[in-house]
Amino acid sequence: SGDAGGGAGRSLSDGYIEPVTVEAREGCTRFHFPGPGFQLDYSGPLRPYLNWYHVSPGGLTVNRYPRNVRPWGFYYRKETLLADLLGQAEKAGAEIVTGRKGMSAENISSGVSLTVDDGSLFTARALVAADGLRSRVAETIGFNRSRRAWSGRRLSFLQYVMEGVETGLPDAG
């Protein structure tokens with residue numbers, strides 16, 4: 001998450017993943033990942049989430065942040081982000097392998113090695129482990145050692161961005 005205005009964005013963290021900054025300008029959005037040291041250009045729509053209201057069944061509202069002061073996240077199109085990531089990886093000369101599932105990774109002196117489900121081994125300077133919430137690859141390389149795990153019941157929520165609906169709450173945009 002970051003600043004939706006022009007220029008370099010503010011860095012926010014959810015306590016689980018490393019902070020990401022967002023540079024958003026007319027027709028150009030760039031995500032900066034300072035921890036691993038890379039950036040990603042994004043060509044799709046971007047909408048900041050500025051307010052976060054919780055509404056109880058009895059109608060009690062709690063506003064998480066003051067009105068339009070601090071974005072707590074962004075709406076973006078996952079499909080566009082993934083297509084942009086793939087295009088930029090190809091342009092940088094990355095070898096794209098499809099139809100394989102990452103099983104384990106290991107840090108090596110020249111970067112990282114990845115073993116996939118058919119036993120093949122790949123090596124690279126860097127690895128994007130995008131295999132879901134319970135990433136087997138991230139776990140084997142030790143990324144989750146210092147992360148807090150959720151305890152107790154599983155957290156679930158549903159969120160909508162609606163237009164033309166009267167709620168009695170201030171506009172979040």
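Read on for an overview of the structure.

Observations concerning the side chain of S113
Point 1. The topology assignment puts S113 in strand β9 (residues 111-116).
Point 2. By relative accessible area, which is 8% here, S113 ends up buried.
Point 3. Not counting residues within four places of it along the chain, the set of residues in contact with S113 comprises S104, A105, E106, I108, L121, F122 and T123.

Notes on the packing of aromatic side chains
Point 1. Counting across every chain of the model gives four aromatic pairs.
Point 2. Summarising the aromatic geometry, the rings of F31 and Y42 are spaced 5.8 Å apart at their centres and angled 55 degrees between planes, so their arrangement reads as tilted. Taken together, the residues span a long stretch of sequence, with F31 in strand β2 (residues 28-33) and Y42 in strand β3 (residues 38-42) at a distance of 11 residues.
Point 3. Judged by centre distance (4.5 Å) and plane angle (10 degrees), the ring pair of F33 and F38 falls under stacked.
Point 4. Take F33: its relative accessible area is 23%, and that puts it in the partly exposed class.
Point 5. Classification of F38 by relative accessible area gives partly exposed; the value is 38%.
Point 6. These aromatic residues form a ring-pair network of at least three members: F31, Y42 and Y76.

Notes on the environment of E18
Point 1. The topology assignment puts E18 in the segment before β1 (21-25).
Point 2. The class for E18 is partly exposed, based on a relative accessible area of 45%.
Point 3. Measuring from C-alpha to C-alpha, the distance between E18 and G35 comes to 6.7 Å, with 17 residues separating the pair along the chain.
Point 4. Aside from chain neighbours lying at most four places away, what touches E18 is G35 and P36.

Notes on the environment of A83
Point 1. Along the chain, A83 turns up in helix α1 (residues 78-91).
Point 2. Residue classification places A83 among the partly exposed positions, given a relative accessible area of 46%.
Point 3. A C-alpha to C-alpha distance of 9.1 Å links A83 and Y42, two positions 41 residues apart in sequence.

Focus on the sheet that holds strand β10 (residues 121-124)
Point 1. The strand order β8-β9-β10 describes an open sheet built from three strands, whose pairing is antiparallel. At either margin of the open sheet sits one strand with a lone partner, and together these are β8 (102-108) and β10. Neighbour to neighbour, the strand axes of the sheet diverge by 20 degrees on average, direction disregarded.
Point 2. Examined bridge by bridge, β8 and β9 share six bridges and lie antiparallel to one another. Within the sheet, the bridge partner assigned to I108 lies in β9 and is G111.

So, the sheet that holds β2
What holds strands together in a sheet is hydrogen bonding between their backbones, with the strands either parallel or antiparallel.
Point 1. Strand order in the open sheet made by the three strands is β1-β2-β3, with antiparallel pairing throughout. Since the sheet does not close on itself, it has two edges, and those belong to β1 and β3, each with one partner. Adjacent strand axes in the sheet meet at a mean angle of 15 degrees when their direction is disregarded.
Point 2. With five bridges joining them, β2 and β3 adopt antiparallel strand pairing. Looking across to β3, one finds that H32 is bridged to Q39.
Point 3. Running over the sheet, α1 touches β2 and β3 and is turned about 120 degrees from β3.

With respect to the pattern of salt bridges
Point 1. Applying the stated rule across the entire model yields two salt bridges.
Point 2. With a shortest N-O distance of 2.5 Å, D41 and R30 are connected by a salt bridge. Taken together, the residues D41 in strand β3 and R30 in strand β2 connect sequence positions 11 residues apart.
Point 3. Across the pair R100 and D118 runs a salt bridge, and its minimum N-O distance is 2.9 Å. Of this pair, R100 sits in the loop between α1 and β8 while D118 sits in the loop between β9 and β10, and the two are 18 residues apart along the sequence.
Point 4. For R100, a relative accessible area of 44% gives the class partly exposed.
Point 5. By relative accessible area, D118 is classed as partly exposed at 41%.

Reading the values: rules and limits
- Residues numbered from 1 in each chain as written.
- Predicted model: local features only at pLDDT ≥ 70, side-chain atom pairs only at ≥ 80, totals over all residues.
- Heavy atoms only, no water.
- Helix = DSSP H or I, 4+ residues; strand = E, 2+ residues; numbered from the N terminus.
- Buried < 20%, exposed > 50% of the residue type's maximum accessible area, 1.4 Å probe, protein only.
- Contact = heavy atoms within 4.5 Å.
- Phe/Tyr/Trp six-rings, centres within 6.5 Å; stacked < 30°, edge-to-face > 60°.
- Pairing = 2+ DSSP bridges.
- Axes fitted to C-alpha atoms, helices over the stretch in contact; angles between N-to-C directions.
- Salt bridge = Lys/Arg side-chain N within 4 Å of Asp/Glu carboxyl O.

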